[in-house]
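Reading the structure
Residues per chain are reported as follows:
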Amino acid sequence: MAERRVVLVTGGVRSGKSAHAEALLAEEPTTTYVAAGPTYDDADWQARIDRHRERRPASWSTVESSDLAAVLADTTGPVLVDCLGTWLDAVLSEAGLWEGSAEEIDALVAGRTRGVVAALRAATSTVVVVTNEVGLGVVPEHRSGRLFRDHLGTINQRVAAVADEVHLVVAGRVLRL
């Protein structure tokens, strides 16, 4: 994947989307892996992070940041962002807005998303972005679930609009949309 491309990889939890995204950049001599989500004091979450780290080549560098637009703008060479769902969680958590007003949340998410989309448009190297596919199930019972689903669905649409390719991963199988 030597030429400049933006690829959005979407799918459900444990669908194989992260492994697929990593494989897209496996031949690159160096890649910047952007861990865009929050950190938790949780053994299961840490085990998940450790499994992801173990799969990545030693030549890859890791940046942990929720300032995704700035990282994309400042990074040269191929980038893998994992993932927009955890990024949204981090953005809302850092701002303390999970219980905020709809207007505050909408403004924050829209502004941060505009920055990410602009950075993707300006990227000069390949960027692979992983996200969770949402909205295929029932309407979440709790406000936080609905908030997450609705905003991530919109974020996914905006990133897909600037992507050169969108890959849907289901049960480890890839469908190029």
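To keep things clear, this report deals only with the structure shown in the data block. Keep in mind it's a predicted model, so treat the numbers as computed, not measured.

Right, let's get into the overall build of the chain. Looking only at helices and strands, the chain has six helices and seven strands in total. Scanning the chain from its N terminus toward the C terminus, one meets helices and strands in the order β-α-β-α-β-α-β-α-α-β-α-β-β. A compact globule built from 177 residues would reach a C-alpha radius of gyration of about 16 Å, and the chain, at 15 Å, matches this within 12%. With the principal axes as the frame, the chain shows a C-alpha extent of 45 × 35 × 35 Å. Counting all 177 residues of the chain, 44% fall into the buried class.

A few words now on the nonpolar core. Ranked by size, the top nonpolar core spans 33 residues in total, and within it Leu-72, Val-81, Leu-84 and Leu-120 carry the most contacts. When residues in this core are grouped by element, the largest group, six residues, is from helix H5 (residues 102-122). Setting aside anything within four residues of it in sequence, one finds Val-81 in contact with Val-34, Ala-36, Leu-68, Leu-72, Val-127, Val-128, Val-129 and Val-130. Counting 13 residues, the second-largest nonpolar core is a separate cluster that includes Val-7, Leu-25, Val-128 and Val-130.

Okay, H5 next. Helix length check: H5 (21 residues) gives 30 Å between terminal C-alpha atoms against 30 Å at 1.5 Å per residue, within 8%. Turning to H5, its buried residues number three or more, namely Ile-105, Val-109, Thr-113, Val-116, Val-117, Ala-119 and Leu-120. Viewed along the axis of H5, the buried residues span an arc of 160°, placing them on a single side of the element. The outward face of H5, more than 90 degrees from its buried face, is lined by the exposed residues Glu-103, Ala-107, Arg-114, Arg-121 and Ala-122. Of the surrounding elements, those touching the buried residues of H5 are strand S1 (6-11), helix H3 (68-74), helix H4 (84-95), strand S5 (127-132) and helix H6 (143-162).

The topology assignment puts Ser-65 in the loop between strand S3 (61-64) and H3. A polar contact is formed between the side chain of Ser-65 and the backbone nitrogen of Asp-67, at a distance of 2.9 Å. Once residues within four sequence positions are removed from consideration, Ser-65 is found in contact with Val-34, Ala-35, Ala-36 and Val-71.

Attention now moves to the pairing of S5. Look at any regular strand and the pattern is simple: side chains alternate between the two faces of the sheet. Among the six residues of S5, six are classified as buried, and the element is accordingly described as predominantly covered. Sheet analysis places S1 next to S5, joined by six bridges and oriented parallel. If you follow Thr-10 over to S5, its bridge partner there is Thr-131. As judged from the four bridges shared by strand S4 (residues 79-82) and S5, these two strands associate in the parallel manner.

The next point concerns the side chain of Thr-131. Positionally, Thr-131 belongs in strand S5. Reaching out from Thr-131, the side chain makes a polar contact with the side chain of Asn-156 at a distance of 2.6 Å. Those residues in contact with Thr-131, other than ones at most four positions away along the chain, are Leu-8, Val-9, Thr-10, Gly-11, Lys-17, Cys-83, Leu-84, Gly-85, Leu-152 and Asn-156.

Glancing now at the packing of H5 against H6. Between H5 and H6, the least distance of the axes is 10 Å, while the angle of their chain directions is 25°. As the angle between them shows, H5 and H6 are arranged roughly parallel. The crossing of H5 and H6 is right-handed. Residue-level contacts link Ala-102, Ile-105, Asp-106, Val-109, Thr-113, Val-117, Leu-120 and Arg-121 of H5 to Arg-143, Leu-147, His-151, Ile-155, Arg-158, Val-159 and Val-162 of H6. A class-by-class count of the residues in the contact of H5 with H6 yields nine nonpolar, two polar and four charged.

Cut-off values and rules
- Residues numbered from 1 in each chain as written.
- Predicted model: local features only at pLDDT ≥ 70, side-chain atom pairs only at ≥ 80, totals over all residues.
- Heavy atoms only, no water.
- Helix = DSSP H or I, 4+ residues; strand = E, 2+ residues; numbered from the N terminus.
- Rg over C-alpha atoms; globule rule 2.2 N^0.38 Å.
- Buried < 20%, exposed > 50% of the residue type's maximum accessible area, 1.4 Å probe, protein only.
- Core = buried A, V, L, I, M, F, W, Y, C linked by side-chain atoms within 4.5 Å.
- Contact = heavy atoms within 4.5 Å.
- Expected span 1.5 Å × (residues − 1).
- Arc of directions from axis to C-beta.
- Polar contact = N/O pair within 3.5 Å; in protein donor to acceptor, adjacent residues only side chain to side chain.
- Pairing = 2+ DSSP bridges.
- Axes fitted to C-alpha atoms, helices over the stretch in contact; angles between N-to-C directions.
- Parallel < 35°, antiparallel > 145°, perpendicular 65-115°, else oblique.
- Left-handed = near helix turned anticlockwise from the far one by under 90°.
- Nonpolar A, V, L, I, M, F, W, Y, C, P; charged D, E, K, R; others polar.

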